[in-house]
Amino acid sequence: QPIGALLLEHCRITKEEENVFSISFVEEPERKYCFECDSEEQCREWVEALKRASYEFMRRSLIFYRNEIQKMTGKDPLEQYGISEEARFQLGTHKQ
């Protein structure tokens, strides 16, 4: 049974040791959750997967691919969904 859940926004994922990584949060940097893996390879896979799972990573990826598609086609791929002008999908916009 799970003992709890962590919302992984505004967090830092850090490789601590060969097979240990930690999660800490911007709002509570003194609190750190440590996780031990069976191997260094498994630890690296967890760190990468967790870093890719955040909203901010996905937002930056969407912006990057949106711009690449726009360069290739000359059209904004988000326009058809009526969200092309939303600030959160613009370059240089940082969610506070």
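Fair warning: this is a prediction, and the values are worked out from it, not measured in the lab.

Novice: Residues and numbers for the sheet that holds strand β2 (residues 20–25), please.
Specialist: Backbone-to-backbone hydrogen bonds pair the strands of a sheet. The strands run either parallel or antiparallel. With antiparallel pairing, the three strands of this open sheet are ordered in space as β1-β2-β3. Sheet topology places β1 (11–17) and β3 (28–36) at the edges, where each strand pairs with a single neighbour. When the angles between neighbouring strand axes are averaged without regard to direction, this sheet yields 25°. Pairing between β1 and β2: six bridges, direction antiparallel. Counted as the bridge partner of Thr14 is Ser22 from β2. Sitting on the sheet, helix α1 (residues 40–52) is in contact with β1 and β2, with an inclination near 25° to β2.

Novice: An account of the pairing of β3 is needed here, citing residue identities and associated values.
Specialist: Bridging between β2 and β3 involves six bridges; their strand directions are antiparallel. Across the sheet, Ile23 pairs through a bridge with Tyr33, a residue of β3. Hairpin connection, β2 to β3: the antiparallel pair is bridged by two residues.

Quick notes on the rules
- Residues numbered from 1 in each chain as written.
- Predicted model: local features only at pLDDT ≥ 70, side-chain atom pairs only at ≥ 80, totals over all residues.
- Heavy atoms only, no water.
- Pairing = 2+ DSSP bridges.
- Helix = DSSP H or I, 4+ residues; strand = E, 2+ residues; numbered from the N terminus.
- Axes fitted to C-alpha atoms, helices over the stretch in contact; angles between N-to-C directions.
- Contact = heavy atoms within 4.5 Å.

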